[in-house]
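Listed below are the residues making up each chain.
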Amino acid sequence: MLFMLLAHLLAALLAPLLVRMLGRNAFYPLALVPAASALWLATAFDPASLASAPVEISAEWIPAFGIGLAFRVDTLSWVLALIATGIGAIVLLYCARYFKDTEPALGRFAGVLTAFAGAMVGLVLADDVMVLYTFWELTTVFSYLLIGHYQEKQSSRRAAMNALISTTAGGLAMFVGLLMLGQAAGSLRLSAILTDPMWSAPGPYLVTAVVLVLAGAMSKSALVPTHFWLPGAMAAPTPVSAYLHAAAMVKAGVYLILRLAPALSVLDVLQVVVSVIGAATMLLGGWRALRQTDIKLLLAYGTVSQLGFLAAIGALATQDAVLAGLAMLVAHAVFKAPLFMVVGIIDKKFGTRDLRVLSGVGRAVPVVAVIGIVSAASMAAVPPLLGFVAKESVYTALWYGGAYQRGLLVALVAGSVLTVAYSWRFVQGAFGRSAGAPRARTPQIPVLFWLPPAAIAALSVVLVALAGPLEDLLTGAAAVLPEQETHAHLLVVPHLGVPLLASVLTLGLGALLAVAARPVQRLQRAVSPMTWAREGLQEFLDAERLFRRTMRGVDALAVAVTPLFQRGSLPYTLGTMLVVMIALTVPVALTQAPLPQNLVPFHSPVELLVLPVAALAAIGAARSRRRLRAVFLISVTGYGVAVLFLVSGAPDVALTQVLVETAMTVVLVLVLRRLPLHFSRRPLRIGAIGRWGIAIGTAVTLCGAALYAADARYLDPLGPELIEPAYTSGGGHNVVNVTLVDARVWDTFGEITVLLVVATGVASLIFVTRREQGISRVRDLTAGTSIWRRHPDTPLPQNVLNFDARTDEVAGTNRWRTWLSAGLTLAPERRMVILEVITRLAFPVMMIFSVYLLMAGHNLPGGGFAGGLVAGLALTMRYLAGGRYELTEAAPVQAGLVLGTGMAIASAAAVLPLLFGGTIFQTVTPVLHVPLLGEVHLPSALLFDVGVYLVVLGVILDFLRTLGAQIDQQQEAESDVR
């Protein structure tokens, strides 16, 4: 089963390439995938044994939550999967002649349609509710793309959006209901949920869960009040309609109702609710179908009517009803798909679908007419076609089901009368003569164009001859329900009785309704709300217009509400978030004790010195009007936290905190060059009071949450237990570093990936044309460079302003000796000799220290992260002392290359253990015997640490290039302009 789904996925991915190579003929190889799937389903399983011994397969997906890739084949899923794959294959064959090679986005269409077929198969085979929901939403997304295939048409876009919103809303409700059922049953397997003993006494909780699931099923199958989206879906290409209406998506809701039959059998109220909604949908769809002049839209409303019919029968949840409903579902699939295909042929060959214009099509294309007439006759339940056999079993199930079912029978007979009438309207409009319309010319229709619908339509006749075996097969789907006396059977020659009388009455009244078409049309116009109701009431009574009005209301509400919370002000947005956090936390805090019982005021006297300093720095930052002063005061709080870490016995964390705080201070200072020197003044005192209130409330809330979180611990700390495994398994004495590069290496790998993404994002915000410009070295400069120069009108000697950065041989005597490689690129008034000297002395020491931290991190405080930060700070010193050319001389390499190399090395560390017989990211420690040094242990974790080192170094280099050198260049350009 997994292989079948993967085959659909592979075919969908290859579809655009195949279409590019073969044109529309690519649909032929694509059809092989669902065709092979249908053949495998038909031959690999014994239908007789599926009822008692379903076939199950599963694979772990998210074992921590009990979610697995579980699939189950029983009678119901087997039948639906056969329909989805069999009709899907034929629809793909039909597409090869329906479309032209010049069809826009044909490759994408082919891929999405193939994926749509695979998603439908996965949906009906899924046993895990999470997998079921995944495929459920995949069908929604794929149908959205297919319905909106003609992107240039507003009707297509609107129809696609209607379908997406309606079915997604129901799908979310269904998802909640499935999770509730899984929670109650203690399993996410649908088969286990439906057989759980909890159904012996269902309470409000289970009723609510089933209602939510049914909401998703009814929206998917376009039952009232979400019926409007399905007729709108006719904006899609006709092959989509043929598959969507007959075998996919809309059948998913009916399938779910049939799947829930064991639960519905004990929930009488829900049986009544769903069957009433289904009957109402059938009547509404049939009534609207009689008014349509577009034969495709007529069939679309007919589908709405038939889906209501199927839902009403399936909701009764008796053995007779399930057998009859499943038989009707099969009959609907084999007559509705060819009907839409016939409409596609007529549309393509005659250029219209308007039954008022079509005339003489039956004589022009007799083969197509026979296909359409046979399928329409089966839809109208004309004997002895499959539609009649299935509908007769439905009438029998209702008549012998009890008083309520007999009342439902009356409603469904009325709906079936409408079905007969609109079936005749379709036949007469599509193939008959139309007064005043010119007779259609005989077109050339390739055999491969009409053969696919003919193959499906033939099943309406062939399956009648196999009514006995078909009944034996479908009975297995009803075996999960409590045993009862059965009356419904699939009989070609039905018994005399009320069900047969109902069938005769249906055909007779339907024929009478068809004959009285004009009076019926006048009656429809008279009772239509569009005739007598006011505009506001019309919108309320028309589901689609009401939906659009609701969407407009939601948009208007969003427009009104959004400015209240999102004003484009960062302080306002942040304040809103903090107020919400306080409002959610305070009610919970009021139910707790004032302070935790195990509160310890302090662990070390040093804390009494550090905390006041940090608190005063925080208050000073909040009160400061100068941005630079606020940045440095914030840094004081960060360094205070580092001291607390150090006092608490975490030197690794303290070292990292110091380095990160230093790097962040540098980054903030660089950013401040593009911001005003002072914060804006707040003239209203109430604003200042409000900000202080939010700040103090946030501080109290966060501190209280931290205290109570620490008080909530009920297990012993894991730290002491990690000391021994860190050495025996990770080969290091530094537990923190071993944890980061061994035990939790996947977390660290994800974190450095985030760092790379952040660096890329920052660069994309700063660079205007492309991510990085070329590396400019000092040797590339010309005389008279103007880096960081004073404006020419300043009273300084010309030999000070026009300095030369070239070598002595070229520049002559007009240069100065410098401590840094690019010192001459700075104007003299911009140079700080003391800083240059310090940088010249400190840079190599810092780089050596960074390598030491990298190499020693496995056993001593340090590691790749700390080492990379130190190396980055060394480059920062070079930049601050010598400018952007000094940074280039220190690191003449693109930051992206450093980042990419680091990620590549970290990834290599993941697969390296495989060469030594280990697993991914398992630490292996090759031992090298080096003369004089003896044994040298090189753990694979060291290689990963090297990758971390380079990624961190690349991030800082990227920040220096973007927030530093690039902004320097922009400011120089602005100065030149002025």
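Quick notes on the rules
- The numbers attached to residues start from 1 for each chain and follow its sequence in the written order.
- The model is predicted, so local features are restricted to residues of pLDDT at least 70 and side-chain atom pairs to those at 80 or more, both for listing and for counting; the totals for chains, interfaces and linings are taken over all residues.
- Heavy atoms throughout the structure, all of them, feed into the side-chain values; hydrogens and water do not.
- Helix numbering and strand numbering both begin at the N terminus, where a helix is a DSSP run of H or I of at least 4 residues and a strand a DSSP run of E of at least 2.
- For each residue, the accessible area found with a 1.4 Å probe, counting protein chains only, is set against the maximum for its type, and the residue is called buried under 20%, exposed over 50%, and partly exposed in between.
- Here a residue-residue contact requires only that any non-hydrogen atoms of the pair lie within 4.5 Å.
- The method behind every accessible area is Shrake-Rupley, applied with a 1.4 Å probe, and residues are considered shielded solely by the protein chains displayed.
- In this analysis, the protein atoms alone were mapped onto a 1 Å grid. Cavities are point sets where a 1.4 Å probe fits without being able to get out; pockets are open sets with protein on both sides within 12 Å along at least five of seven lines; lining residues have an atom within 4 Å of a point.
- Grid points are joined across faces, edges and corners, and a volume is the space filled by probe spheres set on the points.
- Residue type decides the class: Asp, Glu, Lys and Arg count as charged, Ala, Val, Leu, Ile, Met, Phe, Trp, Tyr, Cys and Pro as nonpolar, and the leftover types, Gly among them, as polar.
- Residue count minus one, scaled by 1.5 Å, sets the expected span of a helix.
- Any carboxyl oxygen of Asp or Glu that lies within 4 Å of a side-chain nitrogen of Lys or Arg is treated as forming a salt bridge with it.
- For helices, the fitted line uses only the C-alpha atoms of the stretch in contact; every axis is such a line through C-alpha atoms, and the angle between N-to-C directions lies from 0 to 180 degrees.
- Roughly parallel means an angle under 35 degrees; roughly antiparallel, over 145; roughly perpendicular, 65 to 115; everything else is oblique.
- Each crossing gets its handedness from the near helix: less than a right angle anticlockwise from the far helix is left-handed, clockwise is right-handed.
- Centres within 6.5 Å make a pair out of two Phe, Tyr or Trp rings, where for Trp the six-membered ring is used; the pair is then stacked when the planes are under 30 degrees apart, edge-to-face when over 60, and tilted otherwise.
- We call a charge positioned above a ring when the Lys NZ or Arg CZ atom is no farther than 6 Å from the ring centre and deviates by at most 35 degrees from the ring normal.
- By definition, no residue in a patch forms a salt bridge, and every one has over 30% relative accessible area; like charges are joined within 9 Å, nonpolar side chains (Val, Leu, Ile, Met, Phe, Trp, Tyr) within 5 Å.
- To qualify as a nonpolar core, a set must consist of buried Ala, Val, Leu, Ile, Met, Phe, Trp, Tyr and Cys residues joined through side-chain atoms within 4.5 Å.
- Across the chain, each position has a pLDDT score giving the predictor's confidence in that residue, from 0 to 100.

Regarding the overall build of the chain
Helix and strand counts for the chain stand at 42 helices and six strands. The buried share of the chain, reckoned over its 978 residues, is 49%. Summarising the internal contacts of the chain: among those between residues at least 6 apart in sequence, 77% fall at separations of at least 24. For the chain, the accessible surface area stands at approximately 46000 Å², while carbon and sulfur atoms represent 68% of it.

Some words on empty space enclosed by the protein
Counted under the stated rule, the structure contains three cavities of 30 Å³ or more. One number sums up the size of the largest cavity: a volume of about 40 Å³. Lining the largest cavity, in full, are V741, A909, F921, T923, S940, A941 and F944. With three residues, the top contributor of residues to the lining of the largest cavity is helix α42 (residues 940–977). Looking at the lining of the largest cavity, its residues break down into five nonpolar, two polar and no charged.

Notes on helix α19 (residues 386–399)
Note that an α-helix has 3.6 residues per turn; residues three or four places apart therefore point the same way. The end-to-end C-alpha separation of α19 is 20 Å, in line with the 20 Å expected for 14 residues at 1.5 Å each. For α19, the tally of buried residues reaches 13 of 14 residues, placing the bulk of the element in the interior.

Digging into unusual backbone geometry
Here the amide bond leading from V224 into P225 is cis, since omega sits at 10°, within 30 degrees of zero. With respect to the element layout, P225 can be found in the loop between α9 (204–220) and α10 (229–232). Here the amide bond leading from P383 into P384 is cis, since omega sits at 5°, within 30 degrees of zero. Secondary-structure assignment places P384 in the loop between α18 (366–379) and α19. Despite not being glycine, M249 has its phi angle at roughly 55°, a positive value. Mapped onto the elements of the fold, M249 is located in the loop between α11 (238–246) and α12 (250–259).

Some words on the pattern of salt bridges
Counted under the stated rule, the structure contains eight salt bridges. Across the pair R72 and E56 runs a salt bridge whose closest N-O atoms are separated by 2.8 Å. Of the two residues, R72 sits in strand β4 (residues 71–73) while E56 sits in strand β1 (residues 55–57), which places them 16 residues apart along the sequence. What makes E56 partly exposed here is its relative accessible area of 43%. In this structure, D74 engages R259 in a salt bridge whose closest nitrogen and oxygen atoms are separated by 2.6 Å. Of this pair, D74 sits in the loop between β4 and α4 (75–98) while R259 sits in helix α12, and the two are 185 residues apart along the sequence. Assigned by exposure class, D74 and R259 land together as buried.

Digging into the side chain of S359
Looking at the element boundaries, S359 is found in the loop between α16 (319–350) and α17 (361–364). With residues up to four places along the chain from it excluded, the contact list for S359 reads G432, R433, S434, A437, P438, R439 and A440.

Digging into the packing of helix α14 (residues 268–289) against helix α20 (residues 403–431)
Pairs of packed helices are described in terms of their axes, by the angle between the two and the distance that separates them. Packing of α14 against α20 brings their axes to within 8 Å, and their N-to-C directions diverge by 20°. On the basis of their axis angle, the class for α14 and α20 is roughly parallel. Judged by the sense of rotation from one axis to the other, the crossing of α14 with α20 is left-handed. Counted together, Q271, V272, S275, V276, A279, M282, L283, G286, W287 and A289 of α14 and Y404, L408, A411, L412, A414, G415, S416, L418, T419, Y422 and R425 of α20 form the full contact between these two elements. Here the contact of α14 with α20 is composed, by residue class, of 14 nonpolar, six polar and one charged.

Some words on the packing of aromatic side chains
Applying the stated rule across the entire model yields 14 aromatic pairs. Here Y94 and F449 contribute two aromatic rings whose centre-to-centre distance is 5.4 Å and whose plane-to-plane angle is 35°, an arrangement assigned as tilted. Taken as a pair, Y94 in helix α4 and F449 in helix α21 (residues 447–457) lie far apart in primary sequence, 355 residues in all. What links up through ring pairs into an aromatic cluster is the set F27, Y94, Y98, F99, F109 and F449. Residue placement shows R878 over the ring face of F843; its charged tip is 4.6 Å from the ring centre.

Re a nonpolar patch on the surface
A cluster of nonpolar residues, L10, L14, L17, M21 and L22, forms a patch on the protein surface that exposes about 490 Å² of accessible area. Examined against the element boundaries, L10 turns out to sit in helix α1 (residues 2–22).

Brief notes about the nonpolar core
Ranked by size, the top nonpolar core spans 207 residues in total, and within it Y243, F426 and F431 carry the most contacts. The dominant element in this core, judged by the number of residues it contributes, is α16, at 22 residues. Other than its neighbours up to four places away in sequence, F426 contacts I295, L298, L299, L339, V343, G372, A376 and F431. Residues V762, M846, L869 and A909 belong to the second largest nonpolar core, which totals 48 residues.

What to know about the packing of helix α7 (residues 154–185) against α9
Two elements in contact, α7 and α9, have axes whose closest approach is 7 Å; the angle formed by their N-to-C orientations is 150°. Compared by their axis directions, α7 and α9 come out roughly antiparallel. As α7 packs across α9, the resulting crossing turns out to be left-handed. By residue class, the composition of the contact of α7 with α9 is 14 nonpolar, nine polar and one charged.

Things to note about the environment of S460
Counting through the fold element by element, S460 comes out in helix α22 (residues 459–465). A residue is classified by how much of its surface remains accessible, and S460, at 0% relative accessible area, is buried. Sequence separation between S460 and S378 is 82 residues, and the spatial gap between their C-alpha atoms is 6.8 Å. Ignoring anything within four residues of it in the chain, the contact list for S460 reads V334, F335, S378, L385 and L386.

Quick word on the environment of V410
In this structure, V410 sits in helix α20. Spatially, the C-alpha atom of V410 lies 81 Å from that of F602, the residues being 192 residues apart in sequence.

What about helix α41 (residues 895–915)?
Here α41 is 21 residues long and its end C-alpha atoms lie 31 Å apart, about the 30 Å a rise of 1.5 Å per residue gives. Every buried residue belonging to α41 is among A895, V898, L899, G902, M903, A906, A909, A910 and P913, and all of these are buried.

Comments concerning the environment of G918
Examined against the element boundaries, G918 turns out to sit in the loop between α41 and β5 (927–930). Judged by its relative accessible area of 16%, G918 falls in the buried class. C-alpha separation for the pair G918 and V124, spaced 794 residues apart in sequence, amounts to 40 Å.

What about the confidence of the model for the chain?
For the chain, mean pLDDT is 87; residues scoring 70 or higher make up 92% of the total. Scored below 50 in pLDDT, residues 783–792 shows 25 contacts in the model against residues more than four places distant or in partner chains. Predicted confidence is poor over residues 794–801, with pLDDT under 50, and the contacts of this stretch with residues over four places away or in other chains come to ten contacts.

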